[in-house]
Amino acid sequence: MDFNAALQDVGDFGLYQKLLCIFLVAPSASLCALVYFTQFFAILVPNHRCRLSEDDTYQHNTSVFNTSIPYEDMNGQWIPKMCEMYDPSNLTYISEEGFYSSNVTTSCQYGWVYDFSELYPTIATEMNWVCDNDQLPYQSQTIFYVGTSLGCIVFGLIADRFGRRPSIILSYVIACVAGIGSAFTTSFYTFNILRFFVGATIIPLSEDPYVLSLEYIGVKKRTIVIIIWSMGYIVFSAICPWIAYGLRDWRLLCIITSAPLAAIPVFGKFVPESASWLLTQGRKKEAVKLLKTVARINKRDYPEEFGERCYDKNNEETSADTTVLDLFRTPRLRLNSIVLAIIWFVVYCCYHTNTQNASNLGTNVYDSFTYSSLVEIPSLFIILFGIDWLGRRWPVAFSSLAAGIAGLIILIIPRVMESYDAIKTYLGLALIQRVTITIVYNVIMQYSAELLPTVLRGRGLAFLRLMGTLGLYLSPSIVYLSMTLPGLPLVVSGVLMLLVSAFTLSLPETLHKHLPHSIKEGEMFGKNQNLLDCPCMKKSTMDSDEDPDPPTEKA
């Protein structure tokens, strides 16, 4: 009997698994959202203009500054230019109009003043990352993303070589120390070195607890885990702006959102190792001890011969014998890995493109982030009631298709449409894309974990996360296309999501299938499935595709 059958014996969704969801999955998603969006709210740049004197403050009464500040038309409103002032030595008084004029402008001579009526002092305002230095916030965000990319590789190797538990605890320690430390920095380089380390942990501190919990949960209840994870992420994504609003201090924001990360290292002894991973390492006694703990908490009996039954006959193929290149050595695993890599790259790119391009809903930044987060909630209901009926493959394909169509509709919107109506249309289509891409974003995480064999799951997910983070670097360039046409980023995202829809059909379905453990099982997985198989329409066909080396008891 293999691990999956042993897991059924001890309970694959009892009290033990529910405790994992409550104390590990939900907090990890919530803390991930807080830490991730803290990066954004710490480097925000509010409206600003040149400082005119030592006691100058930002005022909205523009007539006060018409003697020294040139103006520009911004969406029908005249506002002071942010980086220019009139040259004091070249002013001409116009008595009829009552103010000065000049054709000669110069850069800000005395620094800047900032509009803190809605926002608050950030590191960008403290260090004046504006005008000639306005690229510094972008560089800071890029450094954060570079850390995310490298962290995927490093923590993926740790998860597969040393275990899920060390990867989780180490990521939380680093994120906590670096996050709090960044609140006390006074230089660009120190701040971004520390935020680099925070970025390196952002994915493992959220997804590794999810993967660990998934490896203890049976095939029929995996969807609940992604729902819990997604709900935690969405709720705290909506809360984070209001924490920033209440604190109105970027340093306190870094401390308040980073300090709770210490809970995982402090209570680290209660974080279990993955019994499935232990079996792939040949550490059978430790795996049996953990499964007996699961049985005790779940109030399940187990037979005396439990130790002999809990045996994975592929345990001689340990994680130490494999590398990430094993994902590409056999035909089916190679195809699955390449397709998943393409999907992760496109989905990460399009999700963050949509977030950056459509998050401003015509209100202040706090409302915008809240609305753009809460709009993802409908996707959870589709996931909850869809992927356990349609499976994983078809919801990804259908949602990607819907996102693609929503983007391409932009091309047929009449150019003569009034700008206000066009903006409303773009916004509506952007929200449709946001919901559908979120469905793909969430399902693909579970789908990938189910497709990858246990001996390669950590490194395989690290590779896929890396491919996803590479897509982050492309999204700002796509968003920049909105300077040509506001809806153009939606069109580009739509075309890319159509590719995802097509590629997804080449993947096997994982609904009601046990997780593959060895490379052999991963290669044989889904071999009897057809291209158009769907669990809700061809149940008999899907059921005939039994897991390789199935247990004596089916889930």
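Below or above, wherever it landed, is the structure these notes cover.

Basis of the calculations
Residues numbered from 1 in each chain as written. Predicted model: local features only at pLDDT ≥ 70, side-chain atom pairs only at ≥ 80, totals over all residues. Heavy atoms only, no water. Helix = DSSP H or I, 4+ residues; strand = E, 2+ residues; numbered from the N terminus. Contact = heavy atoms within 4.5 Å. 1 Å grid on protein atoms, 1.4 Å probe; cavity = no way out; pocket = protein on both sides within 12 Å on 5 of 7 lines; lining within 4 Å. Points joined across faces, edges and corners; volume = space filled by probe spheres on them. Nonpolar A, V, L, I, M, F, W, Y, C, P; charged D, E, K, R; others polar. Expected span 1.5 Å × (residues − 1). Buried < 20%, exposed > 50% of the residue type's maximum accessible area, 1.4 Å probe, protein only. Phe/Tyr/Trp six-rings, centres within 6.5 Å; stacked < 30°, edge-to-face > 60°. Core = buried A, V, L, I, M, F, W, Y, C linked by side-chain atoms within 4.5 Å. Polar contact = N/O pair within 3.5 Å; in protein donor to acceptor, adjacent residues only side chain to side chain. Salt bridge = Lys/Arg side-chain N within 4 Å of Asp/Glu carboxyl O.

## A few points about the overall build of the protein chain
When helices and strands are tallied, the protein chain shows 22 helices and 8 strands. Across the protein chain, contacts joining residues at least 24 apart in sequence account for 78% of those joining residues at least 6 apart.

## Some thoughts on empty space enclosed by the protein
In this structure the tally under the stated criterion is 6 cavities of 30 Å³ or more. In this structure, the largest cavity occupies an estimated 200 Å³ of space. Around the largest cavity, the lining is made up of 15 residues, and of these Y36, I203, Y233, Y348 and Y441 lie nearest the centre. Counting residues per element, the lining of the largest cavity draws most heavily on helix α14 (residues 331-358), which supplies 3 residues. Taken together, the residues of the lining of the largest cavity break down into 10 nonpolar, 4 polar and 1 charged. Approximately 110 Å³ is the volume found for the second largest cavity. What lines the second largest cavity is a set of 18 residues, and nearest its centre among them are N4, L7, I217, G218 and R222. Contributions of two or more residues to the lining of the second largest cavity are made by α1 (3-10) and α19 (454-480).

## With respect to helix α17 (residues 393-408)
Given a rise of 1.5 Å per residue, 16 residues ought to cover 22 Å, and the 23 Å separating the end C-alpha atoms of α17 matches this to within 8%. Considered for burial, the residues of α17 that qualify are R393, W394, P395, V396, A397, S399, S400, A403, G404, A406 and G407.

## A closer look at the side chain of T148
Examined against the element boundaries, T148 turns out to sit in helix α4 (residues 136-161). What makes T148 buried here is its relative accessible area of 4%. Apart from the residues within four sequence positions on either side, T148 is in contact with G199, A200, I202, I203 and T469.

## Things to note about unusual backbone geometry
Trans peptide bonds make up the majority, and among non-glycine residues the majority have a negative phi. Even without being glycine, C131 reaches a positive phi, approximately 55 degrees. Checked against the element boundaries, C131 lands in the loop between α3 (123-126) and α4. Even without glycine at this site, R248 takes up a positive phi of about 50 degrees. Look at R248 and you get partly exposed, because its relative accessible area is 31%.

## Some words on the packing of aromatic side chains
In this structure the tally under the stated criterion is 25 aromatic pairs. Between W344 and Y348 the ring centres are 5.8 Å apart and the planes differ by 20 degrees, which places this aromatic pair in the stacked class. Placement of both W344 and Y348 in helix α14 is noted, with a separation of 4 residues, approximately one turn of the helix. The exposure class assigned to Y348 is buried, which follows from its relative accessible area of 6%. Site record: aromatic cluster; members linked through ring pairs are Y36, F37, F40, F41, F144, Y145, W229, Y233, F369 and Y473.

## Observations regarding the nonpolar core
Counting residues in hydrophobic clusters, the biggest one holds 118 residues, and the most contacted among them are F41, W129, Y210, Y216, Y233 and M497. At 15 residues, the largest contribution of residues to this core is made by helix α2 (residues 15-42). Setting aside residues up to four positions removed in sequence, Y216 forms contacts with L7, D12, Y16, Q17, L20, P272, E273, S274, A275, L290 and V294.

## Quick word on the environment of R164
Structurally, R164 can be placed in helix α5 (residues 164-181). Residues R164 and D208, spaced 44 residues apart in sequence, show a C-alpha to C-alpha distance of 6.7 Å. Sequence-distant contacts of R164, defined by excluding residues within four places in its chain, comprise A159, L212, E215, E273, S274, W277, T454, R457 and G458. Among the polar contacts made by the side chain of R164, one reaches the main-chain carbonyl oxygen of A159 at a distance of 3.0 Å.

## Regarding the pattern of salt bridges
According to the stated counting rule, one finds 13 salt bridges in the structure shown. Across the pair E286 and R283 runs a salt bridge whose closest N-O atoms are separated by 2.9 Å. For the salt bridge of R434 with E376, the shortest nitrogen-to-oxygen distance reads 2.9 Å. Pair noted here: R434 is in helix α18 (residues 419-451) and E376 is in the loop between α15 (365-374) and α16 (377-386), with a separation of 58 residues, a long-range link. Classification of R434 as buried rests on a relative accessible area of 5%. By relative accessible area, which is 4% here, E376 ends up buried.

## A short note on the side chain of T469
Inspection of the secondary structure assignment puts T469 in helix α19. The class of T469 is buried, set by a relative accessible area of 0%. Residues contacting T469, with those up to four places away along its chain left out, are T148, S149, C152, I203 and Y348.

Distances and angles like these do not, on their own, reveal function.
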